2 protein chains.
Amino acid sequence: MESETVVRALSALAQEHRLSLFRLLVQAGPDGLAAGAIAEALGVPASSLSFHLAQLTNAGLIAQRRDGRSLIYSADYGAMNALLGFLMENCCGGAMCAPAAPCDTKDKNERTAA
Amino acid sequence: MESETVVRALSALAQEHRLSLFRLLVQAGPDGLAAGAIAEALGVPASSLSFHLAQLTNAGLIAQRRDGRSLIYSADYGAMNALLGFLMENCCGGAMCAPAAPCDTKDKNERTAA
DNA sequence: TCCATATTTCGATGATTATCGAATCATGGA
DNA sequence: TCCATGATTCGATAATCATCGAAATATGGA
C-alpha cells in the first residue's frame, strides 16, 4: 500500500461528516445504504453529501452501485483493513505485534480486488 | 472515544510528513526518538518538524519526554488502538467482527491513561 | 414523450493548513 | 555567568478544503 493512498484515505476520514458517514456504512454492512438515506440520517444537504461521498469513493474506502434510481454506497472492508495494517506495520520493531484485521472481508463483500 | 478526538487524530495522520513521522515512531518502539534524529531521518527543517510534532502531540498520538537537551517523542499505542477500534465499532452490524488491537499496549508503554 | 425522483456537478465564498527562515526559549557545561 | 546546542514559536504566504443553492444529469413510470 502506497503512502499517498493512505494519506488520501486518512484525509477522507478526517472530517466529522465523512467520519460519521463511513461509520454508518461500516455498521450498515455489505448491503450498504442509498445516498438519500444517508443524507437523511446525517442531516446534510444533498450536494454536500455528494461531495463527501465522492471523497470517500476517491479514497477507495467505499464502493458505489446502482439500484434503480438510487445509488447505494457501502464500506470497503478490505481497504480499511489494509489501512489499519499499514499504520501499525513493523510496530515496535516487529516485536509483540499482529496484523490488524478487525473485520472478516471475504463474506459477501468481494466487489473490489483489494 | 469522542468523534472530535478521532477527527483530530485522523487529521494529524493525514499528511505525508506526519504519517511518515508517526510510522517511524511506531517502528521505533516505546524508547522513541529525539526531535533532531527525526528531522534528520525525514529530511524536514526543524521548524516544520516541530509544527508536525505539535500536531501529533495535540492529537494524543505521540508522547513527549525530556532527556537532557533533547526532547524524545514516542508513539502512544493505546491511543492508536482506541482509534482503530472506534473506526470499526459495530462493524457489519456486530456480526463477524473483533476489536482491533494490533499492538500489545501494556508492556513498557504506560505513560498515558488511555 | 413528458414528468417526477434521485443524485451529482458547478461556482462562489470563507476557513483552515503547510511551509520555512528568523527570532526566541531551555538546558547543560566551562 | 556565558556560550553552544537542541528545539519551539512567530509571522507571512500560498494552497487546499467545506459549504450549499442553483443548475444539470440519469433513471423509471405514465
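The following paragraphs examine the structure supplied in this document.

The rules behind the values
- Residues numbered from 1 in each chain as written.
- Chains lettered and ligands numbered in written order.
- Predicted model: local features only at pLDDT ≥ 70, side-chain atom pairs only at ≥ 80, totals over all residues.
- Core = buried A, V, L, I, M, F, W, Y, C linked by C-beta atoms within 7 Å.
- Buried ≥ 20, exposed ≤ 12 C-beta atoms within 10 Å, placed from the backbone.
- Contact = placed C-beta atoms within 7 Å.
- Helix = DSSP H or I, 4+ residues; strand = E, 2+ residues; numbered from the N terminus.
- Expected span 1.5 Å × (residues − 1).
- Axes fitted to C-alpha atoms, helices over the stretch in contact; angles between N-to-C directions.
- Parallel < 35°, antiparallel > 145°, perpendicular 65-115°, else oblique.
- Left-handed = near helix turned anticlockwise from the far one by under 90°.
- Nonpolar A, V, L, I, M, F, W, Y, C, P; charged D, E, K, R; others polar.
- Near = placed C-beta within 6 Å.
- Pairing = 2+ DSSP bridges.

In this section: the nonpolar core. Here is a general trend for soluble globular proteins: nonpolar side chains tend to be buried in one another's company. Phe22(A), Leu61(A), Phe22(B) and Leu61(B) are the most contacted members of the largest nonpolar core, which has 70 residues in total. Those residues in contact with Leu61(B), other than ones at most four positions away along the chain, are Ala9(B), Ala12(B), Phe22(B), Leu56(B), Ala75(B), Asp76(B), Ala79(B) and Met80(B).

Since the α-helix advances by 3.6 residues per turn, residues separated by three or four positions end up pointing in the same direction. Residue and element names in this part refer to chain B. With 13 residues, helix H2 (residues 16-28) should cover 18 Å at 1.5 Å per step; its first-to-last C-alpha distance of 18 Å lies within 8% of that length. Burial in H2 covers these residues: Arg18, Leu19, Leu21, Phe22, Arg23, Leu25, Val26 and Ala28. Two residues or fewer past H2, Gly29 is found with a positive phi of approximately 80°.

It is worth spelling out the packing of H2(B) against helix H4 (residues 46-58) of chain B at this point. To characterise two packed helices, one gives the angle between the axes of the helices and the distance between these axes. Residue and element names in this part refer to chain B. Running from N to C, H2 and H4 cross one another at 65°; their axes reach a closest spacing of 10 Å. Judged by the inter-axis angle, H2 sits roughly perpendicular to H4. Along this stretch, H2 crosses H4, giving a crossing that reads as right-handed. Note on element contacts: H4 touches H2 through His52, Gln55 and Leu56, opposite His17, Arg18, Leu21 and Phe22. By residue class, the composition of the contact of H2 with H4 is three nonpolar, three polar and one charged.

Attention now moves to the protein's contact with DNA strand D. DNA strand D sits among 23 residues. The nearest are Ser47(A), Gly36(B), Ser47(B), Ser50(B) and Ser70(B). For the surface near DNA strand D, the leading source of residues is H4(B), giving six residues.

Moving on, we come to the sheet that holds strand S3 (residues 70-75) of chain A. All names here are of chain A. Here we have three strands laid out as an open sheet, ordered S1-S3-S2, and antiparallel in their pairing. Sheet topology places strand S1 (33-34) and strand S2 (62-67) at the edges, where each strand pairs with a single neighbour. When S1 meets S3, the two strands line up antiparallel, connected through two bridges. Bridge pairing in S3 places Leu33 opposite Tyr73.

Moving on to the protein's contact with DNA strand C. In the neighbourhood of DNA strand C, 23 residues make up the surrounding shell, with Gly36(A), Ser47(A), Ser50(A), Ser70(A) and Ser47(B) lying closest. The set of elements that each furnish at least two residues to the surface near DNA strand C consists of helix H3 (35-42), helix H4 (46-58) and S3 of chain A together with H4 of chain B. Considering each element in turn, the surface near DNA strand C owes the most residues, six residues, to H4(A). Looking at the surface near DNA strand C, its residues break down into ten nonpolar, eleven polar and two charged.

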